[in-house]
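Summary of structural features
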Amino acid sequence: MPQPTPLAIATSSLQRLVKEEASYHSELEMQQKRIERLESAQPTINGEGGEEDAESEAERGNQEFLLKQESRMANADLPLSFSLRQRKALEETKAVFPRLRERIVEGMANLEALLASAPEGDPDVAKAREVIEQAKAATG
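What counts, and where the lines are drawn
Residues numbered from 1 in each chain as written. Predicted model: local features only at pLDDT ≥ 70, side-chain atom pairs only at ≥ 80, totals over all residues. Heavy atoms only, no water. Helix = DSSP H or I, 4+ residues; strand = E, 2+ residues; numbered from the N terminus. Expected span 1.5 Å × (residues − 1). Buried < 20%, exposed > 50% of the residue type's maximum accessible area, 1.4 Å probe, protein only. Arc of directions from axis to C-beta. Core = buried A, V, L, I, M, F, W, Y, C linked by side-chain atoms within 4.5 Å. pLDDT = per-residue confidence, 0-100. Contact = heavy atoms within 4.5 Å.

**Considering helix α4 (residues 124-139)**
Taking 1.5 Å as the rise per residue, α4 with 16 residues should run 22 Å; its terminal C-alpha atoms sit 22 Å apart, in good agreement. All buried positions along α4 are accounted for by Val-125, Ala-128, Val-131, Ile-132 and Ala-135. Seen end-on, α4 carries its buried residues on one side only, within an arc spanning 125 degrees. Of the exposed residues in α4, the ones pointing more than 90 degrees away from its buried face are Ala-126 and Ala-137. Phi turns positive one or two residues past the end of α4, at Gly-140, with a value near 75 degrees.

Structural data, given as structure tokens:
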């Protein structure tokens with residue numbers, strides 16, 4: 001099996017970065033939805049809101065159980081509530097994007113430089129151009 005060319009390596013690297021950014025975006029969406037769901041499902045403090053049927057009471061009990069389970073799985077050293085841990089995780093995910101975008105831009109520049117010196121008959125050229133377009137779309 002022949003060794004991959006520098007063009008193929010740079011293409012794969014940039015493609016991985018674009019996929020990584022997409023993964024972080026989906027993680028960010030999941031975390032936001034989870035926080036919204038947890039906040040909207042908070043029980044009322046003073047018991048207002050009328051009678052609860054057995055199903056909603058069971059759902060609340062299930063939610064409380066899940067929250068306790070997740071709290072146990074979370075870092076026990078942190079004296080933060082579950083909601084605060086979720087918000088911290090959300091902020092950490094958001095903090096990844098600036099550096100990741102820098103790496104994508106660097107990868108695009110590297111790949112474009114390699115494309116300029118690549119022979120036109122190289123089979124990796126078409127894939128490299130496709131990945132550059134994906135990277136441009138990802139960085140907006």
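That was the structure; now back to the text.
**Section: the nonpolar core**
Formed by 16 residues in total, the largest nonpolar core has its most connected members in Leu-7, Leu-14, Ile-104, Leu-111, Leu-115 and Ala-135. Put simply, the parts of the chain that give this core at least two residues each are α1 (6-40), α3 (82-117) and α4.

**Quick word on the confidence of the model for the protein**
When pLDDT is averaged along the protein, the result is 81; 71% of the residues meet or exceed 70. Per-element averaging of pLDDT across the protein places helix α2 (residues 54-73) at the bottom with 62 and α4 at the top with 93. Confidence drops under pLDDT 50 across residues 44-52; counting only partners more than four residues distant or on other chains, this segment forms 2 contacts.

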